[in-house]
Each structure stands twice: as structure tokens, then as C-alpha cells.
Amino acid sequence: MSDISGTPITPVATVTRLADYRVPEFLIEKTHLTFELHEGYTDVSSRLTITRNPQSVKADRLILHGEQLELLSLAIDEQPLDAGDYQITPHNLTIRDVPEQFVLYCTTRIYPEKNTALEGLYCSSGMYCTQCEAEGFRKITYYLDRPDVMSEFETVIVAREGAFSTMLSNGNCLSDTVRDGKRIVHWHDPFKKPSYLFALVAGNLVCLEDSFTTQSGRQVLLQIYTEAKDGDKCHFAMQSLKKAMRWDEQVYGREYDLDRFMIVAVDDFNMGAMENKGLNIFNTSCVLAHPTSTTDAAFQRVERVIAHEYFHNWSGNRITCRDWFQLSLKEGLTVYRDSEFSADMNSRAVKRIEDVSLIRGVQFVEDAGPMAHPVRPDSYMEISNFYTVTIYEKGAEVVRMLANILGPEQYRQATDLYFSRFDGQAVTCDDFVQCMEEVSGRDLCQFRLWYSQAGTPQLHISDSYDADRQQYSLTVRQHTPATPGQTEKKALHIPLKVALYGGNGVLALVTDGQARGTETVLDICEAQQTIVFGQVAEKPVPSLLRGFSAPVRVFYDYQLTQLRQLILLDSDGFCRWDAMQSLMRIVLSKAIDGEDNLAEQAVLIEVLKQLLADHAAMDAALLACMLDLPGEQYLASLYDKANPPAISRARAQLQHQLAVQLQTELLSCYQVLQDSSSGLSAQAMAARSLCNRALAYLLHIDDEYYRDLAQQQFLRADNMTDRFTALKGLVHAEHAGAVAQEALQAFYRQWQHDALVVNMWFQVQATRPWGNVLQEVQQLLNHEAFDACNPNKLRAVIAAFANQNFAGFHDSSGKAYQFLADQIADIDQRNPQMAARLLTPLTHWHQFIDEHATLMRKALESLSQRELSKDVYEVVSKSLNGRGAG
Ligand code: PHE
Ligand code: ZN
């Protein structure tokens, strides 16, 4: 962190606490902003209509937020203030003795061209844009920069005539004129909003236009702005936007409210995208897509993120968060909404598998470490550090549980109530749950613990069968491990969805003499509970946590034959995958622990053979997922102290073993599906994913025939998914040598002008699972296409290496740990948010055996010796001390 003169300031580790929340002392009814964009600096003049908040105790001094601002003028009701009337600190402007109601006039100068933190107003490839969430608006002007201060915004943008073709802000354009060589564009947003939703864009952009007629018959103009070179890459995003708008009308009854909805794509962006009212700003990686240059996975990401930001218009903008502790109110709900949207647009089972993989592989890890926090945290130092998988993904699972507890009709009634009751307000997670409670008449008191209690609950399940009584009972014991600052955990309300399978398929369920269909939700509320099923004629196989009905870990001692049965017969695709993961996990843990696993491997191979031989009988996309071995990070999380090289080795060996044993089936699957379909239909994508999984497996075998297959596919592919998978397979194959190098070079030559594709090229190298990757990663940092100021490049090289190259990052020398720490220290000088995010893998040190943990801590300690931003300081200090904030 540095002040305006550039001198570093040691962070004051101030902690903000939920318990200290107070309503604002002042309200800002109207916000009028004028931006004069000059080369090298921008002057921002604000006119704020301020009143005392009747709900607050009387205060006569006004404290505004403001950082890195040069104050040019300050007046109240047109009376300039004297230096003695106010005080400026690095974070605030305090004005003494203000009246009940007044207009504050303020002009500040800012330097967007020099803004490398990408927060506030900054420049990206020659265009001006803003990023204000969570607390970036205070880098634009002095303001009450908190989400519970909602104001009506007017924005005037002034620039030299001809400087920019496009000058945008939120809402409707009132006028666009030229006077005295200046272009003046005037915007007005009729909806009250907090400052974090403010946006401004000025640049030379092209625009794709379309329109959407809402369910009530209003016409909405849809616009996607990009740099001219990307003009042909917006069609997919536009289609996705229209689908999302229709879906939100049909599923949630939510209609768009303004006459215009704009999206702008920018190259330099810290996150994926931002839901600014009427003017979403997107990372190019989440909006641009074209069949020749975009993989299927990236198409799906665009569809999902477009929907996510659009859905925020209701879940986030119309109804926003009272304070940042409530962040999951908008993010958890919106992720749940986008996840259901994607499930409706594509394969539901595959979407669920992707969500669960993220939760298990990343969220559970966060929950088990020093950065663990509840869905609604109690405290933070830097809110930017709380845009986490816990807030987003676990938060979405909490909403999903509520939706499942209420059922579709009541859930819809409850969201209707929520949207109508709180429209235009800034509210809390509790307000949301309250609506669920009112509509359903259920007591959700215990359920609310999901918001306040951190950590992943563990369910230990055992069973017994009584043939005489024809009774089957499940005993469920729940336990949540301690997390920083929360040692005592209470029992949660856990909806556990189950089914029972017998020799001839699914069984009818009877509990307490009542028929419960073939699938039922058990409400687990006690530390230990036994559920008895009656009229069970044979010892069944339990299918547990169906659909991942709660974000918990289940421990049940499955027999191999039971897993085999679920893999082949379970009616729920997600459960089939989950049973397969369990089987693979058993095989892998034996190998990791150095035990003999031949019997287990034989079952795994046999069942995979059967699935592959009969692949036409099932959803290809689901089968593709079922071929994936559990990730290394997830495997590590199953141990108290994991041994990284042992995990990588066991996994690589099993991969090779499966490839060898399943060669015939994989090859015939590949040949049948190859070229079977093109285009972007769900079916075509599914066929490609299975086909490419087969190829990836085959490339684990050192055989020229398979290398040729890959090379041919690389050269002949008519889409990026096939081309890129072939490239990746070759580069990641230890034996591909010159073929891989040629492909890499050819790929770069062909795509060097497309930044997003170059990022994939970086990523494929940074994630190579063998050899001295660290050295190559260091070389990539010096590559002509690398740019250390561009977050996507940092993600493609550094984050990809640290998060997706388990073997490379956890090299026993510990050099990669220190490399990451050094990079972070450097990046922190420019972009603290990015630096703090890149730190995540080092915060997992506690998961590993001492040799690794010590080296990881050493890297963290080296960072703690440096001058750090508040962002990085918070993560480093918490992960070293293992203490939660507060
Ligand atoms: N609110 C954004 C989203 O999830 C994420 C974001 C947070 C973007 C902070 C920028 C800064 O949709
Ligand atoms: Zn969001």
C-alpha cells in the first residue's frame, strides 16, 4: 500500500467487525459526478445531496471515505470550506459542524494512467474503466463508500472531442453533445444504488447490438462493447444473455428494469466480471468466444458468467447487502441461480459434478486451514480477501439446501417475498432466511448456523440390517472440526438425501410406517441420530448424500461390490460419478500408503471396461467425468499430513495403468466419437469431452501410434477444444519430445495475436506434470507475450503453476514455494488484490508432511519480512499464526 507520494505505509492491521455495525449517520440522496478525462489525470467533481439519517444518533461531523485522492476544492452549499473546517487522513475526510441537510461540492484529482491496482478508475489497453466493488469508489472521490448508503446517480463524462467513440455510465443516456472542442455525455440511473455498483467506461470500442422483449412487452437494448479486434467474438455472449434474461423471467419471475443493458470487455481485470447497474464490466476471458479460438469449457464459462452478472440485477443490485459481512447474500444466491441456469442449459449431472469438485477440491481445503471463515464472516482486515469459495460456493450450497428444504413452490414464493419486501434496500442474510421461514412455516433457527459456523461438517455413517424384522438402520454421527477462532461447534441441520438399492434396483422407503417414495431427505439435526427403515427385504446398498444434498464430508465404509453396483445402477448421474470417485479414492489411497491394491484396481478396471464398452448407452459427458481420477489437491485433503510426491506418483501411475489396461476400449471409443459431431450443441460438446478424455489417457502410453493420433488431431481440428486437448496431451506426455515442441511452436505462431489463446499456451506449459517446470515458468515470465501487469497473464503462468501443477509446485526442494513468495512480493507493489489471491496455495501448508510444511512456512515468513499491502499482510499473518481475524 502506498500513499499518494508513493511512500510505503506499513498496514495498520485494523479489523472490521460485524458486531460493530452501525447504521450510517448520513444519507446521500443524490450523487452528481462530473469526470473530466485529461491525458495523465482526471478531475472528478461531485455534488452530493446529504441528509442526516433519522435512524442514527445525532452526529455533527461527517466522515467520508477517500484514498489516494488529491483534494482540489471543497464546499458546503456553495460556501468554500477553510482548511480548519476539515481534516484529511490517508483513509478519510472529516468535516466538522455540518448542518442537518446540505449539498457537498468536492473536486478531486486522480491518476488512472498510473493505477496498477485496477481498483477505482484505471486504464486498460487505452480505455478508461472502473472497478468499485468492494471499496474502490473511495479511490475516485470522497464518499460514504458503504453498501447501505444507496443514492440516485447522475454522471457527466467530459473528454476532448474525438478522443473516445464510447463514453458510458450506468442507466440511461440523457444527452451527448459537443461544446468548445469537448464531448459531454450525461447519464442518469433512476435506481438507487450503493457506490460499489457505479461504473464508467471511455474508449474506442465497437459494439454488438441486439434487443430483448421482456415478459411484460418492454423492449430492452442489449449492447456488448469490445475493442475492434474482438468485434466478432461477442455473438455467443449475446445469445447467453438473452437466454439468461428469459430464464430469470420464467424461473424467478424477474424482469429487467432499465431500457438498456450494456456489457464492456476489458483486458485487465482482477476478477471475472462485475455487475455494475446496467453496465456490466467483464474480463475478456469471460465474454469473448469464437468457435475457432474458444474451448467448450470456455464457452460454458462465458454462458455462466454472463448469466451470473445479469442475475445480480435482482440478487445484488435491486436488493443489495447491508454490509460486506453479508456478501454471500448476493454472491451465494447468485451462484446458486447461475448454477441452476447452467444445469438447465446443459447436463444437470455434469454441472453438479463440476460444482462438487470445486467444493471438495478447494472449499473444503479452505475450510480446513488458517483462512477458514463462515459464510457470513465475523471480521476482516481487507474485504477484498473475502471473495472466496466459502462465500461463493458454500454460500450457494446453503441457498440450495434452503431451496430443497422448502421445495420448488415454497422456494419460489419465498424468493418472491424476498424480492418484493426488500426491493431497493440493503439487507442481511438473516432477512433472506426470514422469508424462507415465513413462507414455509418451518423453524430455521438451527439451520442459520450454516451462516455463522465455519468448517466442513463430517458425517460418520454406519448401518445394520435386521433380517428377522426386515429393518435397516442408518446411524449418523456429525462432527465439525475446530476452525480458527471457533473451537466449539454445534450440531447443524443437515439435509441428507438417501436412497436404498437392492439386487433388483431401487427400494421403496418406509420410515415410521410411512411410505417415503424411493428417495428421501433425512433431517440430521442431532450429534448422533439413528434412522430405521422398515419393510426392507434384503440388505440394501445405501446411496448417500444424493445430489450432494449438503456441503459435508461423508464417511461410510463401502464394500467394493457396493460401489460397483452404485456406479452401474444408480439412477442419479451425480451419484454414479461419486461412487466412482470413492472407488478410485480407495485404489489411490492404498497406493499412496504403499499398500497392495491389486484387488481394488481389478474392480476399477473391470467396471471402467464395462462402461466404456457400452459408452453409447449413457451420457457421454457424464462418462467423461467418470473417467477422471480425483484431483491431487482433493486427495491431499483426505490426509492429516499429506505427502505430495507420494500423491502425484500414485496418481500418475494409476493413470498409466488404466491407460494400458483399457487401451482397446479407449481407442475404440476415440475412433467412434472422433469427428462424430461438430458445433456447439450439448451433444457435440459431450462427444468431444469423452473423445478427448480417451485421447488424454492414451497419451500416457509411450507409443508412437497415439502420438500420431494426437498430432493429426492437433493439425486437423476445426475447433479449439480438439486442437488444445491434443496440444496439452502431447506437452504433458513425458515421451512426446520433438512432436510436442513442434506443436507448441506452431500453436504460438498461429495464435500469437489472440491474447486469450496465448494465455492457454502459457497455461499448458506451466501445468506440465514432469521435468523442471519451475525453470520453464521462470522463462515464460520473460517471454515477449508475458505482461506482469495483466491479471490474466499472472493467472495463466503463476497461478496455473501454483494451483494446477501439484507435482511441480510441491517439488521437494521447496524452490517453487520461494519462487511464488518472491513473485507475490513483486506483484504486491502494483496490484495487492492479485498478490493476495496468488498466495492461496501457500496458505495450505498445514495439510502437508513437515518437510513440505516447513518449507512453505519459510516462504511465507520471507514475505512477512517485507513491506506488504494490507491485502497480503492479512493472508500472510493469518496463515502463519493460524488465527482467524478476531
Ligand atoms: N461481484 C463480482 C461477481 O461475483 C465479483 C467481483 C468482486 C468483481 C470484486 C470485482 C471485484 O459477480
Ligand atoms: Zn457475483
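Residues numbered from 1 in each chain as written. Chains lettered and ligands numbered in written order. Predicted model: local features only at pLDDT ≥ 70, side-chain atom pairs only at ≥ 80, totals over all residues. Heavy atoms only, no water.

(A) Region of interest: the overall build of the protein chain. A tally of helices and strands in the protein chain yields 26 helices and 34 strands. Radius of gyration (C-alpha) of the protein chain: 28 Å, near the 29 Å computed for a compact globule of 886 residues. Put simply, the protein chain has 886 residues, and 60% of those count as buried. Looking at the protein chain alone, contacts between residues at least 24 apart form 70% of all its contacts between residues at least 6 apart. Put simply, the protein chain shows about 33,900 Å² of open surface, and 47% of that area lies on carbon and sulfur atoms. The centroid of the 81 positive side-chain charges in the protein chain is displaced by 1 Å from the centroid of its 112 negative side-chain charges. (Helix = DSSP H or I, 4+ residues; strand = E, 2+ residues; numbered from the N terminus. Rg over C-alpha atoms; globule rule 2.2 N^0.38 Å. Buried < 20%, exposed > 50% of the residue type's maximum accessible area, 1.4 Å probe, protein only. Contact = heavy atoms within 4.5 Å. Areas by Shrake-Rupley, 256 points an atom, 1.4 Å probe, with all protein chains shown as cover. Lys, Arg positive; Asp, Glu negative; His and termini not counted. Charge placed at Lys NZ, Arg CZ, Asp CG, Glu CD.)

(B) The site of ligand 1, seen in detail. In the vicinity of ligand 1 there are 13 residues, among which E133, E275, E309, E331 and Y392 approach most closely. At 2.8 Å, a side-chain N or O of E275 approaches a nitrogen atom of ligand 1. Interatomic distance of 3.4 Å between a side-chain N/O atom of H312 and an oxygen atom of ligand 1. Taken together, the elements giving at least two residues each to the shell around ligand 1 come down to strand 20 (273-274), helix 2 (296-311) and helix 3 (327-345). Of the residues that constitute the shell around ligand 1, the class distribution is 5 nonpolar, 3 polar and 5 charged. (Near = heavy atom within 4 Å. Polar contact = N/O pair within 3.5 Å; in protein donor to acceptor, adjacent residues only side chain to side chain. Nonpolar A, V, L, I, M, F, W, Y, C, P; charged D, E, K, R; others polar.)

(C) Here's a closer look at the coordination of the zinc ion (ligand 2). Distances from the zinc ion (ligand 2) to its protein donors, namely H308 (NE2), H312 (NE2), E331 (OE) and E331 (OE), fall within the range 1.9 to 2.8 Å. Note that the zinc ion (ligand 2) binds 6 donor atoms; their angles at the metal cover 50 to 163°, and the shape is irregular. One chain supplies every donor for the zinc ion (ligand 2), spaced along it as H-x3-H-x18-E. Separated by 23 residues along the polypeptide, H308 in helix 2 and E331 in helix 3 bring together distant segments of the chain. No difference in accessibility class separates H308 from E331, as the two residues are buried. (Donors = N, O, S within 2.8 Å, 3.2 Å for Na, K, Ca; no water. Tetrahedral: all angles 85-135°; square planar, octahedral: opposite > 155°, others 65-115°.)

(D) Highlighting the sheet that holds strand 16 (residues 200-203). Read from one edge of the open sheet, 4 strands run 10-11-16-13, paired in antiparallel fashion. Whereas interior strands pair on both sides, the edge strands pair on one side only; in this sheet they are strand 10 (120-124) and strand 13 (166-169). The average undirected angle you get between the axes of adjacent strands in this sheet is 15°. Looking at chain direction, strand 13 and strand 16 are connected through 4 bridges and run antiparallel. Bridge pairing in strand 16 places M167 opposite A202. (Pairing = 2+ DSSP bridges. Axes fitted to C-alpha atoms, helices over the stretch in contact; angles between N-to-C directions.)

(E) The arrangement of the packing of aromatic side chains in detail. If you walk through the whole model with that rule in mind, you get 42 aromatic pairs. On the basis of an interplanar angle of 40° and a centroid distance of 6.1 Å, the ring pair of Y143 and F153 is categorised as tilted. Taken together, the residues Y143 in the loop between strand 11 (127-131) and strand 12 (151-160) and F153 in strand 12 connect sequence positions 10 residues apart. Take Y143 and F153: they sit in the same class, and that class is buried. Taken together, a centroid distance of 5.8 Å and an interplanar angle of 80° make the contact between W247 and F341 edge-to-face. Placement of W247 in helix 1 (residues 235-252) and of F341 in helix 3 is noted, with a sequence separation of 94 residues between them. On the accessibility criterion, W247 (4% relative accessible area) is buried. Taken together, the ring pairs connect W247, Y252, Y256, F261, Y310, F311, Y336, F341 and Y411 into an aromatic cluster. Here the guanidinium or amino end of K114 rests over the ring plane of Y111, the centre of that ring lying 4.9 Å away. (Phe/Tyr/Trp six-rings, centres within 6.5 Å; stacked < 30°, edge-to-face > 60°. Lys NZ or Arg CZ within 6 Å of the ring centre and 35° of its normal.)

(F) Representation of helix 6 (residues 429-440) within the structure. Taking 1.5 Å as the rise per residue, helix 6 with 12 residues should run 16 Å; its terminal C-alpha atoms sit 17 Å apart, in good agreement. Listed as buried for helix 6 are C429, F432, V433, C435, M436, E437 and S440. Lining the buried residues of helix 6 we find helix 3, helix 5 (389-421) and helix 7 (449-452). Among the residues trailing helix 6, G441 stands out with phi positive, at a value near 70°. (Expected span 1.5 Å × (residues − 1).)

(G) Highlighting the packing of helix 3 against helix 4 (residues 348-367). Two numbers describe how helix 3 lies on helix 4: the axes approach to 7 Å, and their chain directions differ by 145°. Mapping the contact onto sequence places S339, E340, S342, A343 and D344 in helix 3 and R348, K351 and D355 in helix 4. By residue class, the composition of the contact of helix 3 with helix 4 is 1 nonpolar, 2 polar and 5 charged.

(H) Structural context of the pattern of salt bridges. Scanning the model with the defined rule gives 54 salt bridges in all. Notably, a salt bridge pairs E275 with K330, separated by 2.8 Å at the nearest N-O pair. You can see E275 sitting in the loop between strand 20 and strand 21 (279-283) and its partner K330 sitting in helix 3, a full 55 residues away along the chain. Note on accessibility: E275 and K330 belong to one class, buried. A salt bridge links E438 to R421; the shortest N-O distance between them is 2.7 Å. Of this pair, E438 sits in helix 6 while R421 sits in helix 5; the two residues are 17 residues apart in sequence, bridging distant segments of the chain. A relative accessible area of 42% means that E438 is categorised as partly exposed. It is possible to trace a salt-bridge network through shared partners that takes in E340, D344, R348, K351, R352, D355, E397 and R400. (Salt bridge = Lys/Arg side-chain N within 4 Å of Asp/Glu carboxyl O.)

(I) Representation of the nonpolar core. I95, L104, Y418, F533 and L842 are the most contacted members of the largest nonpolar core, which totals 293 residues. For this core, the element with the highest residue contribution is helix 5, accounting for 14 residues. Each residue touching Y418, except ones within four places of it in the same chain, is listed here: I319, L329, L333, V427, F432 and C435. (Core = buried A, V, L, I, M, F, W, Y, C linked by side-chain atoms within 4.5 Å.)

(J) View of unusual backbone geometry. Cis peptide bonds are those with omega within 30 degrees of zero, and the linkage from E133 to A134 qualifies with -5°. Considering the arrangement of structural elements, one finds A134 in the loop between strand 11 and strand 12. A positive phi angle, close to 45°, is found at D77, a residue other than glycine. When you line up the elements, D77 lands in the loop between strand 5 (70-76) and strand 6 (79-80). Although it is not a glycine, F548 adopts a positive phi angle of roughly 55°.

(K) Summary view of the packing of helix 1 against helix 2. Across the interface, helix 1 lies against helix 2 with an axial gap of 9 Å and an inter-helix angle of 45°. Judged by the angle between their axes, helix 1 and helix 2 are oblique. Taken as a pair, helix 1 and helix 2 cross one another with a handedness that is right-handed. Contacts between helix 1 and helix 2 involve F236, A237, S240, L241, K243, A244, M245, W247 and D248 from the former and F299, V302, E303, I306, A307, Y310 and F311 from the latter. Here the residues of the contact of helix 1 with helix 2 are counted per class, giving 12 nonpolar, 1 polar and 3 charged. (Parallel < 35°, antiparallel > 145°, perpendicular 65-115°, else oblique. Left-handed = near helix turned anticlockwise from the far one by under 90°.)

(L) Looking closely at the environment of S347. Position of S347 among the secondary structure elements: in the loop between helix 3 and helix 4. Measuring from C-alpha to C-alpha, the distance between S347 and Q778 comes to 39 Å, with 431 residues separating the pair along the chain. Only 3.1 Å separates the side chain of S347 from the backbone nitrogen of V350, close enough to count as a polar contact. Polar side-chain contacts of S347 include one of 3.4 Å to the side chain of D619.

(M) Highlighting the side chain of T388. Locating T388 in the fold gives a position in the loop between strand 23 (379-380) and helix 5. Here the side chain of T388 touches I391 through a polar contact of 3.1 Å, landing on its backbone nitrogen. Residues within four places of T388 in sequence aside, it is in contact with E366 and H373.

Don't take any of this as a statement about function, it's just geometry.
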